[in-house]
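Examining the three-dimensional arrangement
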Amino acid sequence: MSHTSRSSSLAILGAPPAFAEALHVGRPNLGSREALLRRINGLLDRNWLTNNGPLVQEFEQRVAERLDVAHCVATCNGTVALEIAIRALGLSGEVIVPSFTFVATAHALKWQEITPVFCDIDPRTHTIDPEDVERRIGPRTAGIIGVHLWGRPCDVARLEALASRRGLTLLFDASHAFGCTHAGRLVGGCGAAEVFSFHATKFINSAEGGAITTSDGRLAERLRLMRNFGFAGYDNVVSIGSNGKMSELSAAMGLTSLESFEEFVDVNFRNHESYTRALAGLPGLALLPDERGERRNYQYVVVEVDPEACPLTRDELLAVLHADNVLARRYFYPGCHRMEPYGSLDPESGRGLPVTEAVCRRVLVLPTGTSIGDEQIATVGEIVRAALAKAEEIRRVLSSER
Ligand code: T4K
């Protein structure tokens, strides 16, 4: 990746972009090309492309081993995994879910005519606030979906206690949390089930893919049926089902990616440390703090921009970075509660979600993964540092463009 390092010129003020080739959030980590091609040759030789092939079975076994959970049911993507898990758990009526998540978490409910009841998050961790969950429990509440956002597990113990006390089903969207721990316990076996995404942008990827993990054998059996149209054998359909199967090509990619798990975590960790150095001392900018003692995959580098202390707003910084070809993102703006159909169904819901509303205006996600290294990260830091020093000028340019 070619780039020009400089300390004060900024593309937004007319200089050439710092990076000739864009830095993306979510650029796939590829792993060994040779291992992938070997697996693809094998599946072509076998002429077995999908429907519970050997690579999918191996992928399920490897995921279950790595997460130390009894059952793993691989799927075509994380969204369908959520839909199938929700259905297999018999959820209906209302389910409490954070608004600050990727919209798939909410859509998976609404797609099945279940009402997502949006709750607020903890400002320190950005995960579901158990106290707010409890306030929102009503007569139609069937369950809770906690999201381990950015790979930071929810307060699992409190949610498990709350769900059991109130007779609710607890499901986790663990799309970001592969390989992460909570109180030393690996994510994968918490609640009734947990759902993972292996989308290309995730640090372990199968191009498109997902999985449901659980320690409940009977649930795993139901999930397997539902993933395959409800077929229990040739011509024997025993339940409603969908097509949620993972293909052999995806499993080939997923297995190859899994083999590089340690390397990807190391790279992400090093990048996280580089960002800590590159952004040190900048006013009003804070990386979401790391919690020592827990395992993390560091796949998201999350910066909060404090509007009181930073000379530029989050959106102004985003414009500066994009002009220099650093394609930072403002995940998960503006919050599910403001997206359709939810925004029209309850236009006032933001009033009850003050932390979500504030965090949506502060979060900036920066590029990481195997396609970026220390030198580029140092340049990103220089761009931000220079931008803060020229905040007035930048604000004038941006307002003249509006
Ligand atoms: N729950 C949660 C909490 C989730 O975050 C997600 C997915 C789900 C559930 C659902 O799981 P899946 O059904 O997706 O398995 C991305 C992903 O599409 C999505 O999987 C992910 N979360 C979400 C957080 O991010 P976008 O809209 O950011 O994707 P896009 O196309 O803008 O790509 C991001 C960047 O990556 C771009 O700058 C380009 C780069 N890129 C992307 C792809 C696909 C590449 O360089 N190569 C590629 O192949 O949604």
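Note: the structure precedes this text.
Residues numbered from 1 in each chain as written. Predicted model: local features only at pLDDT ≥ 70, side-chain atom pairs only at ≥ 80, totals over all residues. Heavy atoms only, no water.

For the rest of this paragraph, the subject is the packing of aromatic side chains. Taken as a whole, this structure holds 15 aromatic pairs when the rule is applied. Note on Phe59 and Phe198: the rings are 5.2 Å apart at their centroids and 80° apart in plane angle, and the pair reads as edge-to-face. With Phe59 in helix H2 (residues 54-67) and Phe198 in the loop between strand E9 (193-197) and strand E10 (210-214), this residue pair connects regions lying 139 residues apart in the sequence. Each member of the pair, Phe59 as well as Phe198, carries the same accessibility label: buried. Arranged with centres 6.1 Å apart and planes meeting at 70°, the rings of Phe100 and Trp150 form a pair that is edge-to-face. Within this pair, whereas Phe100 is found in the loop between strand E3 (94-98) and helix H4 (104-110), its partner Trp150 is found in the loop between strand E5 (141-147) and helix H6 (156-166), the two being separated by 50 residues in sequence. Take Trp150: its relative accessible area is 5%, and that puts it in the buried class. Following the ring pairs from residue to residue traces out a cluster consisting of Phe59, Phe178, Phe196, Phe198, Phe203 and Phe261. (Phe/Tyr/Trp six-rings, centres within 6.5 Å; stacked < 30°, edge-to-face > 60°. Helix = DSSP H or I, 4+ residues; strand = E, 2+ residues; numbered from the N terminus. Buried < 20%, exposed > 50% of the residue type's maximum accessible area, 1.4 Å probe, protein only.)

Here we take up the packing of helix H10 (residues 314-323) against helix H13 (residues 374-389). Two numbers describe how H10 lies on H13: the axes approach to 10 Å, and their chain directions differ by 130°. The orientation of H10 relative to H13 falls into the category oblique. In this structure, H10 crosses over H13, and the sense of that crossing is right-handed. Here Leu317, Val320 and Leu321 of H10 lie close against H13, whose contacting residues are Val380, Ile383, Val384, Ala387 and Leu388. Taken together, the residues of the contact of H10 with H13 break down into eight nonpolar, no polar and no charged. (Axes fitted to C-alpha atoms, helices over the stretch in contact; angles between N-to-C directions. Parallel < 35°, antiparallel > 145°, perpendicular 65-115°, else oblique. Left-handed = near helix turned anticlockwise from the far one by under 90°. Contact = heavy atoms within 4.5 Å. Nonpolar A, V, L, I, M, F, W, Y, C, P; charged D, E, K, R; others polar.)

The subject of this paragraph is the site of the ligand. Neighbouring the ligand are 25 residues; Arg27, Thr79, Asp173, His176 and Tyr331 lie closest to it. Note that an oxygen atom of the ligand is positioned 2.6 Å from one of the side-chain N or O atoms of Thr79. For the shell around the ligand, the secondary-structure elements that each account for two or more residues are helix H3 (78-88) and H4. Tallied by class, residues from the shell around the ligand come to eight nonpolar, 13 polar and four charged. (Near = heavy atom within 4 Å. Polar contact = N/O pair within 3.5 Å; in protein donor to acceptor, adjacent residues only side chain to side chain.)

With that out of the way, let us pick up the sheet that holds E9. Spatial strand order, E2-E10-E9-E6-E5-E3-E4: seven strands in an open sheet with mixed pairing. Each having just a single partner strand, strand E2 (71-75) and strand E4 (115-119) make up the two edges of the open sheet. Along the sheet, successive strands turn relative to each other by an average axial angle of 25°, direction set aside. When E9 meets E10, the two strands line up antiparallel, connected through four bridges. For Glu194, the partnering residue across the bridge sits in E10 and is Thr213. Where H2 meets the sheet, it contacts E2, E9 and E10, and its direction lies at approximately 135° from that of E2. Across the sheet, helix H7 (residues 217-227) lies against E2, E9 and E10, angled at about 15° from E2, the strand it touches most. (Pairing = 2+ DSSP bridges.)

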